[in-house]
Amino acid sequence: MNHDKYIQRDSYLKKLIIRKDNGEVKIITGPRRCGKSWLLSHIYRDYLTAQGVPSENIIALDFDKDDDKYDFDILDPKAVKNHIYSQIKSDTENYYIFLDEIQELENFERLVNGLNGHDNIDVYVTGSNSRFLSKDIRTIFRGRGDEIRVFPLSFREFYRALHYDVREAWKVYSTFGGMPRLIHYTDDEQKINYLQNLWDKTYIDDVVERNKVRNELAVSRLATSLCSSIGSLTNPARIANTLESVQKMKIDSKTVSSYIDYLENAFLFESAERYDVKGRRYYETNKKYYCIDIGLRNARLNFRQQEPTHIMENVLYNHLRVLGYLVDVGIVESREMKDGKMSYSQREIDFIANKGSRKYYIQSAYSIPSEEKREQELASLLKISDSFKKIVVVGDEIMPYTDDNGIYFTGLFDFLLKDEWL
């Protein structure tokens, strides 16, 4: 690989370094083809060898490949176990085991827990299905699992790797997204084909096979529906109605709910719940869904729905998640006097970002062309009485400033590329 195409994903490397030899199984999760394998097999391997770890002490197996590079059955747990232990020649030297797409191996828990029980073995696994690699980590790895979530390239990683002018970088990124392999393609048609094949030949097939889905067409159309409605409040019943009225597909809301879970478990979508800021409670109905990568979203819609407002909102959501924040949609309820009558109002905050003791209220405003639009964007933020930072991210390039209400305004590129805002 050319060195200029070697993307150093420093934030993830740092997380691995911090966790090195900590006695826990490092579980690297994320959608297929987002760079998990590259992170381990190249970036982290290079770090280990630079630290003096002999190459023979790094044992890597890939369970996602149907090739004949192994002289044993890669999907036979006993054969895999025998192979790994045959490579461990010393009880005093440290060994690093990389197991890629571990969910493809039956009964992998016994193998991984057995390896992790040795003081001189440090185990790293990758997986692209959260059903057992996220929700049940404590059970599967006996409380000794430490998850590192990997996303497709963020706009910051994309911009720094390819050295485009920032406007050109945004044009490309907001269209084709940040799946790492795209950096090898210079032709738009190649990029489109790659992204659409990911959906058809990798993601949908994987979801259908793994969850034994009988109605593949329904999963496919549901993915399209979620991509079409990013950033809009919805629920399984509403989606089922849409599929019936638009796609002429009869499907019940319970099935839709299960299929959404499958797509989320495959790290293709994430949901943001609605949170009542003043009442400090979550609403059980209606969520917003965001695609894990804006290029995948666009490709699923054949690049037809190129709404800059929704694209910007999805990119901002992913940016916050890459930085490790939990993200909710905020609701501020109040009673106000209008036309001489007391009325009830409910205003939305695009994102409430939480990480530990830190919290930010963030509005995504593609443009603020008038004072009326400005007041509209600020209405919900002004109803919040706590002291956490409030930020309006504007699609236009502006000089950052703070208004008289203590609300911060910044341009999109400043927010995505600089650390000072969060």
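Residues numbered from 1 in each chain as written. Predicted model: local features only at pLDDT ≥ 70, side-chain atom pairs only at ≥ 80, totals over all residues. Heavy atoms only, no water.

1. Examining the pattern of salt bridges
Threshold: Salt bridges are defined as contacts in which a side-chain nitrogen from Lys or Arg sits within 4 Å of a carboxyl oxygen from Asp or Glu.
Evaluation of the coordinates by the stated rule reveals 27 salt bridges. Each of Arg32, Arg33, Asp64, Glu104, Asp206 and Arg210 takes part in a single network of salt bridges with overlapping partners.

2. Topic: helix α8 (residues 166-176)
Helical geometry: 3.6 residues make up each α-helical turn, so side chains three or four residues apart lie on a common side. Quick note on the threshold: Per-residue accessibility, obtained with a 1.4 Å probe over protein chains only, is compared with the maximum for each type, and a residue is labelled buried under 20%, exposed over 50%, and partly exposed between these values. Per the convention used, a helix needs a DSSP run of H or I reaching at least four residues, while a strand needs a run of E reaching at least two, with both numbered from the N terminus. Note on contacts: a residue pair qualifies if any of its non-hydrogen atoms lie within 4.5 Å across the two residues. Counted as a polar contact is a pair of N or O atoms within 3.5 Å, where, for protein atoms, one must be capable of donating a hydrogen and the other of accepting one, and residues adjacent in sequence contribute only when both atoms are in side chains.
Where burial is concerned, most of α8 is hidden: eight out of the eleven residues are buried. Of the residues making up α8, those classed as buried are Val166, Ala169, Trp170, Val172, Tyr173, Ser174, Thr175 and Phe176. Elements in contact with the buried residues of α8: α7 (155-162), α9 (188-211), α13 (294-300), α14 (308-322) and α16 (412-417). Regarding α8, its N-cap is aspartate 165, as a side-chain oxygen of that residue lies 3.0 Å from the backbone nitrogen of arginine 167 further along.

3. What to know about the sheet that holds strand β5 (residues 145-149)
For clarity, the cut-off: Strands pair, by our definition, only if DSSP identifies at least two bridges between them. Axes here mean lines fitted to C-alpha atoms, for a helix over just the part in contact, with angles spanning 0 to 180 degrees between N-to-C directions.
The strand order across the open sheet formed by five strands is β2-β3-β4-β1-β5, and the pairing between neighbours is parallel. Edge positions in the sheet fall to β2 (58-62) and β5, since each has one partner strand and no second. Direction aside, neighbouring strands of the sheet carry axes that sit 15 degrees apart on average. Relative to strand β3 (residues 95-100), β2 runs parallel, the two sharing five bridges. Bridging from a neighbouring strand, leucine 61 pairs with leucine 99 of β3. Contacting β2 and β3, helix α3 (residues 77-87) runs over the sheet at an angle of about 160 degrees to β2. The sheet contacts of helix α4 (residues 108-116) involve β1 (25-29), β3 and β4 (121-127), and relative to β4 the element is tilted by about 150 degrees.

4. Observations regarding the UniProt feature "domain: DUF4143" (unreviewed entry) in the protein chain
Spelled out, the test is: UniProt positions are given in the numbering used here, feature names are shortened, and annotations may be inferred rather than shown by experiment.
The sites that carry the UniProt feature "domain: DUF4143" (unreviewed entry) are, in the present numbering, residues 205-364. The distance separating the terminal C-alpha atoms of residues 205-364 is 34 Å; by composition the span is 42% helix and 35% strand.

5. Thoughts on the packing of helix α1 (residues 10-19) against helix α2 (residues 36-50)
Each pair of packed helices can be summarised by the angle the axes make with each other and by the distance between the axes. Inclusion rule: Helix crossings fall into two classes, left-handed where the near helix is turned counterclockwise from the far one by less than a right angle and right-handed where it is turned clockwise. Classes in brief: Ala, Val, Leu, Ile, Met, Phe, Trp, Tyr, Cys and Pro nonpolar; Asp, Glu, Lys and Arg charged; the others, Gly included, polar.
α2 packs onto α1 with a crossing angle of 65 degrees between their chain directions and a minimal axis gap of 11 Å. Here α1 and α2 pass one another in a crossing that is right-handed. Along the contact surface, α1 presents Tyr12, Leu13, Leu16 and Ile17, while α2 presents Leu39, Leu40, Ile43, Tyr44 and Tyr47. Considering only residue class, the contact of α1 with α2 consists of nine nonpolar, no polar and no charged.

6. Regarding the side chain of serine 128
The residue serine 128 is located in the loop between β4 and α5 (130-133) in this model. Of the polar contacts made by the side chain of serine 128, one reaches the side chain of arginine 32; its length is 3.5 Å. Within the structure, serine 128 has its side chain in polar contact with the side chain of glutamine 103 (distance 3.2 Å).

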